[in-house]
Amino acid sequence: MNEKAIIVKNLSKTFRVKEKEKGFKGSIKSIFKTKYREIKAVNDLSFDVDKGEILAFIGPNGAGKSTTIKMLTGILFPDQGTVEVMGIDPKKKRKKLAYEIGTVFGQKEQLWTHLTPYDNFKFFGAIYDIDDYTVEKRIKELKDMFELDEFINTPVRNLSLGQRIRCEIVASLIHKPKILFLDEPTIGLDPVVKENIRTLIKRMNKEYHTTVFLTSHDVGDIEKLCKRIIIVNHGQIVLDDSMENLKYHYLNKKIVEAKMKEKVNLNDEDGITILKDKGYNLKIEVDTTKRSVGDAIKLLNPNNIIDINISNIPLEDIISDIYKRDK
Amino acid sequence: MRKYLYIFKSEVMTNMQYIFNLLVGFISYFILIFIFLNLWKYIYSDSNELINGYNMNQMIWYVIITEILWMSLGGRKLCRKICEDVRGGNIAYNINKPYSYIGYILSSHLGSVVVKGSIFTILGMLLGLIFLGKFPHLTLFSIIIVLITSLLATIINTLFVIFIGLFSFIIEDANPFWWLYSKVILVFGTLFPIEYFPGIIKTILSYSPIYAVSYGPAKLFVDFSIPNMVNVIIVQIIYLIIIYVLCLLIYRKGVRKLNVNGG
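Values in this document were obtained by computation on a predicted structure and should not be read as measured data.

1. Describing the overall build of chain B
Then, in step 1: Along the backbone of chain B there are 11 helices and zero strands.
Then, in step 2: Along its sequence from the N terminus, chain B presents helices and strands in the succession α-α-α-α-α-α-α-α-α-α-α.
Then, in step 3: What you see for chain B is a C-alpha radius of gyration of 19 Å, in line with the 18 Å of a compact globule of 263 residues.
Then, in step 4: Once the C-alpha set of chain B is aligned to its principal axes, its extents read approximately 65 × 45 × 30 Å.
Then, in step 5: Per-residue burial over chain B gives 54% buried out of 263 residues.
Then, in step 6: Of the contacts made within chain B by residues no fewer than 6 positions apart, 81% connect residues no fewer than 24 positions apart.
Then, in step 7: Surface accessibility of chain B: about 12,300 Å² in total, with carbon and sulfur atoms responsible for 71%.
Then, in step 8: Looking at charge distribution, chain B has the averaged site of its 19 positive side-chain charges lying 11 Å from that of its 10 negative ones.

2. Examining the packing of helix H2 (residues 19-43) of chain B against helix H3 (residues 56-73) of chain B
Between two packed helices, both the angle of their axes relative to each other and the distance between the axes serve to describe the pair.
All names here are of chain B.
Then, in step 1: At a minimum axis distance of 10 Å, the contact between H2 and H3 shows a crossing angle of 155°. With respect to each other, H2 and H3 are oriented roughly antiparallel. Every pair of crossing elements has a handedness; the one defined by H2 and H3 is right-handed. When H2 is examined against H3, the residues Gly25, Ser28, Tyr29, Leu32, Ile33, Phe36, Leu37, Trp40 and Lys41 are found in contact with a partner set consisting of Met56, Met59, Ile60, Val63, Ile64, Glu67, Ile68 and Met71.

3. Some thoughts on the interface of chain B and chain A
Then, in step 1: With 29 residues of chain B at the interface, the matching set in chain A holds 32 residues.
Then, in step 2: Both faces considered, chain B and chain A share a buried interface measuring about 2,900 Å² in area, 60% of it formed by carbon and sulfur atoms.
Then, in step 3: Its largest share of buried area at the contact with chain A, chain B owes to B:Tyr93, B:Asn96 and B:Pro98, together 21% of the area lost on that side.
Then, in step 4: In this structure, A:Asp132 and B:Arg2 form a salt bridge, with 3.6 Å as the shortest nitrogen-oxygen distance.

Cut-offs applied
Residues numbered from 1 in each chain as written. Chains lettered and ligands numbered in written order. Predicted model: local features only at pLDDT ≥ 70, side-chain atom pairs only at ≥ 80, totals over all residues. Heavy atoms only, no water. Helix = DSSP H or I, 4+ residues; strand = E, 2+ residues; numbered from the N terminus. Rg over C-alpha atoms; globule rule 2.2 N^0.38 Å. Buried < 20%, exposed > 50% of the residue type's maximum accessible area, 1.4 Å probe, protein only. Contact = heavy atoms within 4.5 Å. Areas by Shrake-Rupley, 256 points an atom, 1.4 Å probe, with all protein chains shown as cover. Lys, Arg positive; Asp, Glu negative; His and termini not counted. Charge placed at Lys NZ, Arg CZ, Asp CG, Glu CD. Axes fitted to C-alpha atoms, helices over the stretch in contact; angles between N-to-C directions. Parallel < 35°, antiparallel > 145°, perpendicular 65-115°, else oblique. Left-handed = near helix turned anticlockwise from the far one by under 90°. Buried area = accessible area lost by both parts, 1.4 Å probe. Salt bridge = Lys/Arg side-chain N within 4 Å of Asp/Glu carboxyl O.

These figures capture arrangement, not role.
Here it is in structure tokens:
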């Protein structure tokens with residue numbers, strides 16, 4: 001059996017949110033009597049993560065992802081259930097846990113913007129009680145791995161977003177954490193930089209065996225990095241499967257896009273769904289458990305086809321389908 | 001301890017990039033001192049006359065020192081930052097680091113106060129010398145004691161601001177408390193020494209934090225005496241312990257009920 005980096009059992013967290021009746025009257029009323037509504041952000045969540053694994057933990061906005069991460073990192077206290085991160089209970093030993101984990105929140109800066117990346121790394125080294133010699137060695141190692149040479153002495157405020165995120169990740173790796181929590185690390189980045197960040201995360205995982213707990217709305221991140229995916233919605237797990245399985249289940253559906261010489265009149269039939277029909281341009285979904293792609297092409301009449309493209313359903317559609325199904 | 005020194009050092013490094021901004025802030029300091037200089041010159045018919053135990057020079061030096069302490073504190077900014085940290089959930093990103101939030105805020109804020117305080121001290125002393133022509137009677141020992149008590153005053157004052165800011169855990173916005181605090185310090189601790197107030201108020205002020213954060217170091221600068229020094233340091237240590245414990249209590253209670261919503 002694989003060693004576990006994270007074990008979560010029956011985790012729940014409820015928030016109390018103030019509620020006010022609408023309008024002026026409601027405002028007056030709320031002064032004397034405050035109403036609260038309970039929101040179950042996380043509801044009986046159980047899962048575990050192997051050491052060295054890269055896990056995608058995804059879900060629509062408000063699904064409970066961030067709340068879960070915050071409970072795993074000791075920021076929030078769970079109402080119920082138990083959490084063990086590297087064998088430590090975050091609720092009881094938050095400081096001890098801090099030495100074992102690194103966090104990168106794509107939307108929050110943890111670097112000192114007026115200092116250079118180098119000064120920042122030295123700062124984080126001191127925070128994690130690492131001696132100067134070891135920090136220097138570590139900075140050099142990470143500088144090479146994340147290709148920071150060009151801007152390591154430029155104040156962070158003058159860096160591009162891509163450069164800054166690279167530095168954010170390096171800063172969170174200074175103390176050699178066993179687990180890295182990445183919360184939307186590629187948000188706002190251009191495709192080339194995204195790709196670059198993904199490659200670096202992969203390389204880091206391979207070389208240091210760092211467990212990566214990733215949340216992202218970017219399907220590319222999930223597809224390129226993760227072997228396993230957990231989808232949460234309404235605070236509960238709706239899917240916990242390997243990426244391979246997830247794709248396999250949906251792989252029996254193919255998308256056929258065709259450009260026609262002449263207009264064709266097609267209707268939905270068993271195993272074939274028309275997704276788009278613009279006369280000369282067609283997009284259909286073929287359920288290969290019921291009909292073959294060949295059948296679909298025959299329906300279109302091969303002599304009538306100018307161009308054709310057959311593809312799998314994009315992961316993005318698979319995921320949004322799962323989100324919708326759970327509504 | 002090393003990590004807090006590093007936080008302090010990083011904040012000093014950051015603030016050193018904004019020396020020019022600090023000089024701009026000095027303009028309002030200059031105006032205030034100038035107004036008080038003229039006011040006291042008008043009140044004192046003779047500069048050697050004593051009012052409540054202070055001659056004119058001592059009075060003006062008193063205001064110069066208390067204003068250096070107050071203006072280099074930057075309390076409003078700190079209070080607002082803590083309120084925003086607590087309300088906006090930013091505090092979360094400090095909680096999962098291996099340091100105490102109070103220690104972090106205190107040491108980083110001291111970093112900015114030290115830079116600001118050094119500039120204000122140099123300029124304030126120059127201003128006093130230009131306007132008054134001489135320092136009060138000082139020795140190397142008294143200068144060291146004034147520096148130590150000023151540092152203690154700043155630490156206590158910063159902890160008071162942190163305490164007020166952390167009230168955001170309980171109420172939505174703690175800034176009005178800060179407003180109140182700053183006005184009390186301004187009237188009772190900055191512009192007039194404690195001796196200027198009548199009977200019961202004077203007694204209350206002698207036991208109040210104002211004695212520790214403002215009056216103490218300024219009094220030692222204008223009129224140094226060993227009994228005064230012992231008094232000031234004892235009061236400062238007592239207040240340091242009290243306010244630190246209060247900060248810890250409110251923080252621990254607050255963090256337990258912390259709600260960080262959304263992203």
